[in-house]
Every structure is written in C-alpha cells, then in structure tokens.
Amino acid sequence: MKKEIRNDEKKTTKKKEVNNEVKTKKNKVTKKKDSTKKNINTIHAFNILFVDIQIVITVLTVILAILFIFNQKYMTLFEFSLGLNLLVMAFNNYKIYKRSKLTLIYAFVGVMILFLIFLGV
C-alpha cells in the first residue's frame, strides 16, 4: 500500500513539474511574441501607394528600355523613368523596408541621372 501511495505521489509531482514547465515555456513564448509585436512596421495606404507607383514606373522603364533598343529617340524618356524609379526605390527602402545601406546609393544615382538629363548630357 505504501509503495502504491508513494508511486502515485511521485506520478502526481512529476505531472505537476511537467505542467509547470509547460506553463513557463508558454509564458516565455508569449513574452517573445509581445516583444516582436512592438517592432512590426504597420503597412499604411500611403506605403502601398508608393509600392504601386514603383511597380508602374518599373514596368514603364522596362517598356522604354525595349523601345530604346529599336529607336534611339526614347533615350531621354528611358533615363527619366530610370532616375524616377531609383528615387522611388530609395524612398521605399527607407520608409517601408528599413534598409538604409542601398537607400543612399539609389537616391544618389537617381538624382545624378535626373541632373544629367536636365543638363542635356
């Protein structure tokens, strides 16, 4: 009898320990989820608008690149759309994707292309 009672006590204590471990793991998981929720960037309609603008300008740039291969008079339009596309990409990288390394490169090259177009080079 005493052995059975001790075995039962051991089983219940083991179950309690396992339940406590599971509860602490769940608490740790919920704490991690709470901390990651603070870092999530919310997507606004303003951000979606600029992603849509980038898609449209990218398609336009590809079309103008194909036209430029066959007819040289589309060069200015192609360069303008390429410069504008790079500026929008820089803005999206900075605001939406939070990547700052390529943002400066995109912005610099985009401004240089537009500057050279307005100089007539």
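All of the points below concern the structure found in this document. Within each chain, residue numbers correspond to sequence positions counted from 1 in written order. Residues qualify for local features only when their pLDDT is at least 70, as the model is predicted, and side-chain atom pairs are given and counted only at 80 or more; totals for whole chains, interfaces and linings, by contrast, use all residues. Processing note: side-chain calculations cover all non-hydrogen atoms of the structure and skip hydrogens and water entirely.

### What about the overall build of the protein chain?
Our working rule: Secondary structure counts use DSSP, requiring at least four H or I residues in a row for a helix and at least two E residues in a row for a strand, with both numbered from the N terminus. Any two residues whose heavy atoms approach within 4.5 Å at even a single point are treated as in contact. Surface accessibility in these figures is a Shrake-Rupley result with a 1.4 Å probe; residues are shielded only by whichever protein chains are displayed.
Looking only at helices and strands, the protein chain features 4 helices and 0 strands. In sequence order, the protein chain lays out its α and β elements as α-α-α-α. For the protein chain, restricting intrachain contacts to residue pairs at least 6 apart in sequence, the fraction spanning at least 24 positions comes to 59%. A total accessible area of about 10200 Å² is found for the protein chain, and carbon and sulfur atoms account for 67% of it.

### What to know about helix H2 (residues 45-70)
Rule in force here: Helices are assigned an expected span. That span is 1.5 Å times one less than the residue count. Type-normalised accessible area, obtained with a 1.4 Å probe on protein chains alone, sets the label of each residue: buried when under 20%, exposed when over 50%, and partly exposed for intermediate values.
Along its 26 residues, H2 runs 38 Å from first to last C-alpha, staying within 8% of the 38 Å computed at 1.5 Å per residue. Every buried residue belonging to H2 is among Asn47, Gln54, Ile57, Thr61 and Leu64, and all of these are buried. Against helix H3 (75-95) lie the buried residues of H2.

### A word on helix H4 (residues 101-119)
Compared with the 27 Å implied by 1.5 Å per residue over 19 residues, the 28 Å span of H4 between its first and last C-alpha is a close match. Looking at the buried side of H4, the elements it contacts are H3. Two residues or fewer past H4, Gly120 is found with a positive phi of approximately 90 degrees.

### Thoughts on the side chain of Thr103
Tracing the backbone shows Thr103 in helix H4. In contact with Thr103, not counting residues within four places along its chain, are Ala90, Asn93 and Tyr94.

### Here's the deal with the nonpolar core
The following threshold applies: Here, the term nonpolar core denotes a set of buried Ala, Val, Leu, Ile, Met, Phe, Trp, Tyr and Cys residues that are joined through side-chain atoms within 4.5 Å.
Leu86, Met89, Ile113, Leu114 and Ile117 together form the largest nonpolar core, which totals 5 residues. Looking at this core, the elements that each hand over two or more residues are H3 and H4. Looking at which element gives the most residues to this core, the answer is H4, with 3 residues.

### So, the environment of Asn85
Checked against the element boundaries, Asn85 lands in helix H3. Sequence separation between Asn85 and Ile55 is 30 residues; the distance between their C-alpha atoms is 8.9 Å. Each residue touching Asn85, except ones within four places of it in the same chain, is listed here: Gln54, Ile57, Thr58 and Thr61.

### Focus on the packing of aromatic side chains
To be explicit about the condition: Pairs were defined over the aromatic rings of Phe, Tyr and Trp, the Trp ring being its six-membered one, requiring ring centres within 6.5 Å. Orientation was assigned from the angle between planes: stacked under 30 degrees, edge-to-face over 60, tilted for the rest.
For the structure shown, the criterion picks out 2 aromatic pairs. Each ring, one from Phe50 and one from Phe91, has its centre 4.5 Å from the other, and the planes form 45 degrees; the classification is tilted. With Phe50 in helix H2 and Phe91 in helix H3, the pair connects residues that are 41 residues apart, well separated along the chain. Phe91 gets classed as partly exposed once you look at its relative accessible area, which sits at 27%. Summarising the aromatic geometry, the rings of Phe68 and Phe78 are spaced 5.9 Å apart at their centres and angled 10 degrees between planes, so their arrangement reads as stacked.

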